[in-house]
Amino acid sequence: MATMRDVARLAGVSVATVSFVVNDSKPVSPATRLRVESAMVELDFRRNAVARALASRRTRIIALLFPVLQHRLSDNAARFFTGAAEAAAELGYTVVLWPEPSDPDALREFTSDGLIDGVILMEVRLDDHRVDRLLAAGTPLTLIGRTRDPSGLDYVDVDFEGMVELSIDRLQALGHREFALLEEVERADLDGYGPVVRVQETFHAVCAARGLRARTLQCTPDPAGGRAIAATLQEEAPEVTAVLVLNDRAALGFVSELGRRGVSVPDDLSVVLVASTREVSEAADPALAVTLLPAAQLGRMGVETLVGRLDGTLGELRHELVMGAFLEGASLAPPPE
């Protein structure tokens with residue numbers, strides 16, 4: 001295995017200069033760096049990650065904090081992780097997934113032992129104690145999501161407000177005026193969860209401003225819950241002609257039960273999935289209209305933001321919202337006469 005001395009001899013520089021390049025510990029001219037890196041490639045020199053971390057006082061490891069006790073590791077979560085890992089690799093960093101424990105002291109221990117350079121916080125609540133703990137510990141962080149007042153924090157997030165308004169736009173243009181929002185049943189451990197709060201508030205605010213009637217329906221996040229709420233909708237709110245769904249796991253049961261009860265999608269009821277995936281949309285019959293959740297893109301943006309802050313290349317605070325594409329599916333039609 002080639003050594004730094006071998007690289008130095010081939011590149012015509014000192015061993016110290018090779019060390020500066022390998023560990024990013026001191027500036028080296030572009031021409032010299034190119035000679036050293038070319039020699040490293042030619043000799044198949046392998047960087048020693050531990051030695052590099054000791055020399056630079058940086059591990060080049062960043063953590064994705066994901067609260068697995070409150071949120072399942074879904075396909076969407078996997079897309080966040082994949083986008084983050086790809087971006088980190090391109091930037092010379094490694095991402096580790098930290099399934100956040102229920103013990104808040106474990107978070108402090110995890111971030112104070114010097115194993116990570118920074119944290120990307122996921123599944124953010126409006127009032128999120130994790131942000132306060134990380135700031136108190138001096139841990140660099142970026143949010144995928146937003147707190148109630150994120151003015152002093154870097155964040156990237158889904159434009160849930162824009163998704164809801166766009167969905168209502170499409171439905172209202174078809175003539176719908178009786179709306180319902182189908183979401184997951186309230187849970188104490190999800191109190192103040194940003195996406196749910198923002199979708200609820202935007203849905204009711206937009207409908208009120210436009211003189212549209214709106215109601216909220218809730219069910220468990222599974223096909224059985226979807227089937228049950230389809231029965232409730234037909235029995236208690238037969239006037240509703242358009243439904244926005246923020247409950248992926250209930251969506252297929254919901255549509256299936258509607259069909260079993262003789263309610264046609266879209267002839268009798270139009271349905272739009274909010275912040276979901278093409279896979280969920282196409283699993284339904286008919287395929288549902290959907291605003292896509294830009295998960296991989298946000299995972300990538302979260303890493304780029306944190307690395308930019310760590311490397312000193314990011315200037316002003318990053319506050320950016322991203323809205324996924326709207327797919328028409330086959331679940332939209334004018335309301336029945």
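Residues numbered from 1 in each chain as written. Predicted model: local features only at pLDDT ≥ 70, side-chain atom pairs only at ≥ 80, totals over all residues. Heavy atoms only, no water.

A. Highlighting the overall build of the protein chain. Looking only at helices and strands, the protein chain has 13 helices and 12 strands in total. Taken across its 337 residues, the protein chain has 49% of its residues classed as buried. (Helix = DSSP H or I, 4+ residues; strand = E, 2+ residues; numbered from the N terminus. Buried < 20%, exposed > 50% of the residue type's maximum accessible area, 1.4 Å probe, protein only.)

B. Broad picture of helix H8 (residues 160–173). For H8, built from 14 residues, the straight-helix expectation of 20 Å at 1.5 Å per residue is met to within 8% by its first-to-last C-alpha distance of 20 Å. Within the sequence span of H8, burial applies to Phe160, Gly162, Met163, Val164, Leu166, Ser167, Ile168 and Leu171. At the C-terminal side of H8, Gly175 shows a positive phi close to 110°. (Expected span 1.5 Å × (residues − 1).)

C. Expanded view of helix H11 (residues 248–260). If you check which residues of H11 are buried, you get Ala250, Ala251, Gly253, Phe254, Val255, Glu257 and Leu258. Of the surrounding secondary structure, the elements contacted by the buried residues of H11 are strand E6 (178–184), strand E7 (213–219), helix H10 (223–236), strand E8 (242–246) and strand E9 (270–276). The positive-phi residue at the C-terminal boundary of H11 is Gly262, with phi of around 85°. (Contact = heavy atoms within 4.5 Å.)

D. A look at the pattern of salt bridges. One pass over the structure, following the stated rule, counts 20 salt bridges. Close ionic contact of Asp6 with Arg9 constitutes a salt bridge, the shortest N to O distance being 3.3 Å. Note that Asp6 and Arg9 are positioned in helix H1 (residues 4–11) at a spacing of 3 residues, about one turn of the helix. What makes Arg9 exposed here is its relative accessible area of 58%. Residues Arg210 and Asp169 are paired through a salt bridge, measuring 2.7 Å at the closest nitrogen-oxygen approach. Note that Arg210 is positioned in the loop between helix H9 (194–209) and E7 and Asp169 in helix H8, a separation of 41 residues in sequence. Judged by its relative accessible area of 33%, Asp169 falls in the partly exposed class. Taken together, the salt bridges that share partners define one network made up of Glu86, Glu90, Arg300 and Glu304. (Salt bridge = Lys/Arg side-chain N within 4 Å of Asp/Glu carboxyl O.)

E. Looking closely at the packing of helix H2 (residues 15–23) against helix H3 (residues 30–43). Contact geometry for H2 and H3: axes closest at 10 Å, N-to-C directions at 85°. Overall, the two elements H2 and H3 adopt an arrangement that is roughly perpendicular. Where H2 approaches H3, its residues Thr17, Val18, Val21 and Val22 are matched on the opposing element by Thr32, Arg33, Val36, Glu37 and Met40. For the contact of H2 with H3, the class distribution of residues is 5 nonpolar, 2 polar and 2 charged. (Axes fitted to C-alpha atoms, helices over the stretch in contact; angles between N-to-C directions. Parallel < 35°, antiparallel > 145°, perpendicular 65-115°, else oblique. Nonpolar A, V, L, I, M, F, W, Y, C, P; charged D, E, K, R; others polar.)

F. Spatial organisation of the sheet that holds E7. Strands sit in the order E7-E6-E8-E9-E10-E12 across an open sheet of 6 strands; the sheet is mixed. Only two strands of the sheet have a single partner each, and these edge strands are E7 and strand E12 (326–327). Relative to strand E10 (residues 289–292), E9 is paired through 4 bridges, and the arrangement is parallel. Note on E10: the bridge partner recorded for Val274 is Thr291. Docked against the sheet, H11 engages E6, E7, E8 and E9, running at close to 165° with respect to E9. (Pairing = 2+ DSSP bridges.)

G. Region of interest: the sheet that holds strand E3 (residues 118–121). Here we have 6 strands laid out as an open sheet, ordered E2-E1-E3-E4-E5-E11, and parallel in their pairing. With one partner strand each, in any of the chains shown, strand E2 (94–99) and strand E11 (319–322) form the two edges of the open sheet. Pairwise comparison of adjacent strand axes, ignoring direction, gives a mean angle of 20° for this sheet.

Limitation: the analysis is restricted to geometry and does not speak to function.
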